[in-house]
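Survey of secondary and tertiary structure
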Amino acid sequence: MKNVLVVYYTQSGQLLDIAKNVTNTLETSEDVNLSFYEIKLKEDFPFPWNNVDFYDAFPETFLQVPRELTDLDNPLLKQKYDLIILSYQIWFLTPSIPFNSFLNSDAAKLLLKNTPVITLIGSRNMWVMAHEKVKKILKVNKADHVGNIVLADRHPNHISVITIYVWMYSGIKKRLWGIFPKPGVSDKDIEDSKNFSMPILEAVKKNKFEDLQDKLLSKGAINIKPFLIVTDKRAQILFGKWANFIDKKAKNNPDKRKRLLNYFSFYLTFAIWAIAPIVFIVYLLTYPFTMKKRKEENYYYSHTKLK
Ligand SMILES: Cc1cc2nc3c(=O)[nH]c(=O)nc-3n(C[C@H](O)[C@H](O)[C@H](O)COP(=O)(O)O)c2cc1C
């Protein structure tokens, strides 16, 4: 009997739907004992979000400051597993605070050590650099990172920016005015994520994970968008400056923090709607000269190895 654990946190339920589909043949297999562990915060984030709370989560998310968790003495975390699936979402180009808090906990360190791990991401579309942060922590925790699956919104970046805000601020995943597409990961992609479960089941049964990522890739586990990597990398630098600035300047001063976060929200809107299109034009102009780099990045970010 193989023991498999799925670790998750989700606000809308989207990530749990995905995780259940990705493990559906494991659930019904007589050879696998499948368990789900939900990450629980002592003080949870609101859902739906409001504007103040949404931006207030930014500095600590980006600076990867953990929050206190509960349920860390759950017996599920005390066992040894043949495979652990860590499902997480991205917040502000960084693993979400609940997931990051779990990953940095002593319980996770013990749990993940020398254990095969598949990461499963459910995000809007900008996940690449956040995932590098996760890869680093997995390495420190001595986990054996054997696979990565990413489900994201496939619509154009600016469309998904609008639809995700409406979803996050209303809590309802539906089409805006009947014109915009449904936000987040599409129903079809969530349904099709069942296709990943067979290679995972085979790998865990044979305890053979070396070629798992290539098998998952052949089923569409990752779809790299090179322009989003360019944007993500630039935004990491700017987000880092903002997060450190707000953290330093507004420590113990809630009014100042509110004001600075307000400036950040304006900056972000400006960056998305004014700077990103310029970066896109530069990207297009340099496109023919970046083919080799794009190819290398495509390979690197589709695999689990850390540079
Ligand atoms: C505060 C916040 C920030 C987010 N930032 C990003 C981001 O930088 N990149 C991205 O692809 N998705 C981002 N998202 C979308 C999430 O990754 C995720 O898709 C969405 O919150 C649904 O996840 P759920 O399963 O927790 O409901 C953000 C969501 C929230 C709430």
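Heads up: these notes are all about the structure in this document.

The rules behind these values
- Residues numbered from 1 in each chain as written.
- Predicted model: local features only at pLDDT ≥ 70, side-chain atom pairs only at ≥ 80, totals over all residues.
- Heavy atoms only, no water.
- Near = heavy atom within 4 Å.
- Polar contact = N/O pair within 3.5 Å; in protein donor to acceptor, adjacent residues only side chain to side chain.
- Areas by Shrake-Rupley, 256 points an atom, 1.4 Å probe, with all protein chains shown as cover.
- 1 Å grid on protein atoms, 1.4 Å probe; cavity = no way out; pocket = protein on both sides within 12 Å on 5 of 7 lines; lining within 4 Å.
- Sits in = over half its atoms within 2 Å of the grid points.
- Salt bridge = Lys/Arg side-chain N within 4 Å of Asp/Glu carboxyl O.
- Helix = DSSP H or I, 4+ residues; strand = E, 2+ residues; numbered from the N terminus.

Points about the site of the ligand
Not every one of the 20 residues close to the ligand is listed here, only the nearest: T10, S12, I90, L93 and N125. Take Q89: an N or O atom from its side chain is 2.9 Å from an oxygen atom of the ligand. Between R124 and the ligand, the recorded distance is 3.0 Å, taken from a backbone N or O atom to an oxygen atom. With the chains in place, 95% of the 620 Å² that the ligand exposes on its own is no longer accessible. Its atoms largely coinciding with the cavity grid, the ligand occupies the largest pocket.

Regarding the pattern of salt bridges
A side chain with one charge may pair with a side chain of the opposite charge, provided their charged atoms come close. Inspection of the entire model under this criterion finds 16 salt bridges. Across the salt bridge formed by E60 and R257, the nearest N and O atoms sit 2.8 Å from each other. Taken together, the residues E60 in helix α4 (residues 58–62) and R257 in helix α13 (residues 254–286) connect sequence positions 197 residues apart. What emerges from the salt-bridge pattern is a single network uniting K208, E210, D211 and K215.

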